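Geometric and topological summary
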Amino acid sequence: MKYQICDLEATPEWLTIESIDHIVECLEACQSLEMLADLRAIFPRRALRSASIKVSKAQRQRLVQWLQVLNQEEKAA
């Protein structure tokens with residue numbers, strides 16, 4: 001399955017504490033690979049990367065596993 005990835009640049013507005021905190025909340029609430037794919041379609045990559053370091057360790061491990069699957073699917077597509 002082909003998932004859309006946001007191609008926006010992370011402008012300074014995306015990288016404010018408030019924006020990053022909002023993205024952290026979204027990442028913490030993420031419960032599936034599909035939800036993570038949706039977040040990747042919404043938020044710029046750099047903003048997601050900045051937020052991902054603030055999520056809980058357990059959630060970060062899940063996110064990494066899902067990202068590996070998504071990246072493999074992208075390569076196969």
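Residues numbered from 1 in each chain as written. Predicted model: local features only at pLDDT ≥ 70, side-chain atom pairs only at ≥ 80, totals over all residues. Heavy atoms only, no water.

Observations concerning the overall build of the protein chain
Convention followed: Numbering of helices and strands runs from the N terminus; a helix is a DSSP stretch of H or I covering at least four residues, while a strand is a stretch of E covering at least two. The size measure is the radius of gyration over C-alpha atoms, and the globule rule it meets is 2.2 Å times the number of residues to the 0.38 power. Type-normalised accessible area, obtained with a 1.4 Å probe on protein chains alone, sets the label of each residue: buried when under 20%, exposed when over 50%, and partly exposed for intermediate values.
For the protein chain, the helix and strand inventory stands at four helices and zero strands. By the compact-globule yardstick of 11 Å for 77 residues, the protein chain fits well, its C-alpha radius of gyration being 12 Å. Expressed as lengths along the three principal axes of its C-alpha atoms, the size of the protein chain is roughly 35 × 30 × 15 Å. Here the protein chain holds 77 residues, and the buried ones make up 31% of them.

Digging into the environment of I5
We apply this condition: In what follows, a contact means two residues having at least one pair of non-hydrogen atoms within 4.5 Å.
Among the secondary structure elements, I5 is positioned in the segment before α1 (17–29). In this structure the C-alpha to C-alpha distance between I5 and Q31, which are 26 residues apart in sequence, comes to 18 Å. Ignoring sequence-local partners within four residues, the contact set of I5 consists of R40, A41 and R45.

Things to note about the pattern of salt bridges
Filter applied, for reference: Here, a salt bridge means any Lys or Arg side-chain nitrogen found within 4 Å of an Asp or Glu carboxyl oxygen.
On inspection of all chains with the given rule, the structure shows one salt bridge. Note that D21 is salt-bridged to K54, the shortest N-O span being 3.2 Å. Pair noted here: D21 is in helix α1 and K54 is in the loop between α3 (45–52) and α4 (57–76), with a separation of 33 residues, a long-range link. Taking the relative accessible area as the measure of exposure, K54 reaches 46% and is therefore partly exposed.

Considerations on the nonpolar core
Defined as follows: To form a nonpolar core, buried Ala, Val, Leu, Ile, Met, Phe, Trp, Tyr and Cys residues must be joined to one another through side-chain atoms within 4.5 Å.
In terms of nonpolar packing, the biggest core is built from 18 residues, with I23, L27, L36 and L63 touching the most fellow members. When contributions to this core are tallied by element, the ones reaching two or more residues are α1, α2 (33–42), α3 and α4. Once you skip the residues sitting within four places of it in the chain, I23 turns out to touch W14, F43, A47, L48 and A51.

So, the side chain of R40
Put simply, the test is: Counting rule applied: Lys, Arg positive; Asp, Glu negative; His and chain ends not counted. As used in this structure description, the phrase polar contact means that two N or O atoms lie within 3.5 Å; if the pair is within protein, one of them must be able to donate a hydrogen and the other to accept it, and residues adjacent in sequence are counted only when both atoms belong to side chains.
When you line up the elements, R40 lands in helix α2. Buried R40, no salt bridge; nearest opposite-charge side chain is E74, N-O distance 4.8 Å. Within polar-contact distance, the side chain of R40 engages the side chain of N71 at 3.2 Å. Beyond its immediate sequence surroundings of up to four residues, R40 is in contact with Q4, I5, C6, L48, L67, L70, N71 and E74.

So, the confidence of the model for the protein chain
Note the following rule: Known as pLDDT, the predictor's per-residue confidence is scaled from 0 to 100.
Looking at the protein chain, pLDDT values average 94 and 99% of them are 70 or higher. For the protein chain, per-element mean pLDDT is lowest for α4, which scores 93, and highest for α1, which scores 98.

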